[in-house]
Amino acid sequence: MDCMRKYVRRSALVLCCGLMGAALTACGSDSDEVTSPAGGGGGDPVVEPFLPRVHIEQEAVSADQIADGVWCAVGINRDYAIQRDGTMPCNGKASYRFELKDGADNTLGGYGGSRKGRAELCYCYATHDDFGGDAAAYERAVKMLSVYHHGKGIIPQGATSHHSFSLRIPREMSPEVHTIFAQIHGMPDRTLVRNPQGEIFKMTEEEFLDLLTRMYFKSGVGYDIASKHKNGWKVESGGYPPLSFGISKSKHGDTSYVHLVCNSDRKIMSDLDDRTLANPDMENMESVTTPGTGFKTSTMVWKMPFADFPRDCWVRFDMTIHWSRYTDELTPESDGMIDLWMSYESAGREVRAHMVKNEKVKIGRNDDQGYYFKFGIYRTASSEVPVCYHLGDYTQTIEQ
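None of the values given here were measured: they were computed from a predicted structure.

Cut-off values and rules
Residues numbered from 1 in each chain as written. Predicted model: local features only at pLDDT ≥ 70, side-chain atom pairs only at ≥ 80, totals over all residues. Heavy atoms only, no water. Pairing = 2+ DSSP bridges. Helix = DSSP H or I, 4+ residues; strand = E, 2+ residues; numbered from the N terminus. Axes fitted to C-alpha atoms, helices over the stretch in contact; angles between N-to-C directions. pLDDT = per-residue confidence, 0-100. Contact = heavy atoms within 4.5 Å. Buried < 20%, exposed > 50% of the residue type's maximum accessible area, 1.4 Å probe, protein only. Polar contact = N/O pair within 3.5 Å; in protein donor to acceptor, adjacent residues only side chain to side chain.

Engineer: Could you give me a rundown of the sheet that holds strand β14 (residues 230–235), with the residues and numbers involved?
Structural biologist: Taken in spatial order, the five strands line up as β11-β10-β14-β13-β12 in an open sheet, and their pairing is antiparallel. The open sheet has two edge strands, β11 (200–202) and β12 (215–218), and neither has a second partner. The sheet shows a mean angle of 35 degrees between the axes of neighbouring strands, direction not considered. As judged from the four bridges shared by β12 and strand β13 (residues 221–224), these two strands associate in the antiparallel manner. Within the sheet, the bridge partner assigned to Met-215 lies in β13 and is Asp-224.

This is the structure:
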């Protein structure tokens, strides 16, 4: 498929077709091939941009900002960045086309001066209805950047969750891309702070709102409102996503990989200077842990050479996660578990493989809040390589 295909603009940006229709694929035998065909189906011949963007942390989502009754969009506001594609159906439903072009699309500042690009759809967000008409509660959430804590799509701490989605990569896409195409992100405790003396404590909402009358936080760092100078305060601002599917190149070779990384951080307040993260040079199920403290663990759960990954077809991922449980930061977290299947159609038959078989893994964050899913393009490490692919047909179920 040509990712530079022209689109047709329509006045209605929200079409109610519902992406939640497909049931989760059951985890059956370990056979690599079965006879049932992969999902197909028809679709309308329209490719249309979805332009509204929201900040899910600090604003409620309105009806015209919701795609297919399911998603809200975050990231760069270009008409080509996120499009609903009726010409490329997935399991009978329209899919989403994501694209970032050159470095001008990298609008996010990253660690060490890096520049990142983002065009994603979030499954978690809140509407004004989620606040039940309580304007004061909504205003407090806006100030604390916790609006999305009140909405849909949240995966609770310690739960078991099931996720399915499909990815379609065009054959011509460069193996030099450096992107995350799906991730499950954490939801930081918005009232957890560290004062200039290094003391960490969790404030009540009232205490934190009072603090905000004297200072503001930017990228987790406190500044006095009057002087605009840093004041030594910090607020919890998250860290690496507990789970991410990505494509990136080996640091010590020329091979690019499609991979799945799981992270765990049991520190009460994340240390953003701790860059413990698995990389594509690691083997499947190989982990790296923060030296000395062991607060962070990152595991290369699964990887496949990009050259071997099926392209120009829909690839379905079916995943089950048992999330780790946390107590205090000095007590090691419980092991979680992850199970992953991959399926796609080849020569009229469905190829189905059990990529990760109920492997123990540390996965999660030591926060009160849980996690949420999003997919699209999160282009990392100052990469300016153009990237374009389709995603669709997401389903999520949760067991407590």
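Engineer: Describe the confidence of the model for the protein chain, and please don't skip the residues or the numbers.
Structural biologist: Should pLDDT be low for a region, the predicted coordinates there are not to be read in detail. Per-chain confidence: the protein chain averages 89 in pLDDT, with 89% of residues scoring 70 or above. Scored below 50 in pLDDT, residues 1–42 shows 114 contacts in the model against residues more than four places distant or in partner chains.

Engineer: Quick rundown of the side chain of Asp-85? Include the residues and the values.
Structural biologist: Structurally, Asp-85 is set in strand β4 (residues 82–90). A residue is classified by how much of its surface remains accessible, and Asp-85, at 0% relative accessible area, is buried. Engagement of the side chain of Asp-85 in a polar contact is seen with the side chain of Thr-87, the distance being 2.5 Å. A distance of 3.3 Å separates the side chain of Asp-85 from the backbone nitrogen of Met-88, its partner in a polar contact.

Engineer: Which residues make up the environment of Asp-393, and what are the values?
Structural biologist: Here Asp-393 is to be found in strand β24 (residues 387–399). Each C-alpha atom of the pair Asp-393 and Arg-316 lies 9.1 Å from the other, and the pair is 77 residues apart in sequence. A distance of 3.2 Å separates a polar atom in the side chain of Asp-393 from a polar atom in the side chain of Asn-91. Within the local environment of Asp-393, its side chain forms a polar contact with the side chain of Lys-93, the two groups lying 3.1 Å apart.

Engineer: Please set out the environment of Pro-280 residue by residue, giving values where relevant.
Structural biologist: Examined against the element boundaries, Pro-280 turns out to sit in the loop between β16 (256–265) and β17 (286–289). Each C-alpha atom, one on Pro-280 and one on Ser-248, is 7.2 Å from the other, the two residues being 32 residues apart in sequence. Every residue in contact with Pro-280, bar those within four places of it in the chain, is listed here: Ser-248, Lys-249, Ser-250, Tyr-257, His-259, Met-300 and Lys-303.

Engineer: If you had to explain the pairing of strand β19 (residues 315–322) to someone new, which residues and values would you point to?
Structural biologist: The buried count for β19 comes to seven of eight residues, which makes it a mostly enclosed element. In terms of strand pairing, strand β8 (residues 160–168) meets β19 through eight bridges, oriented antiparallel. Following the sheet pairing, Ser-164 is matched in β19 by Asp-318. In this structure, β19 lies alongside strand β20 (residues 336–346), joined through eight bridges in antiparallel fashion. If you follow His-322 over to β20, its bridge partner there is Met-337.

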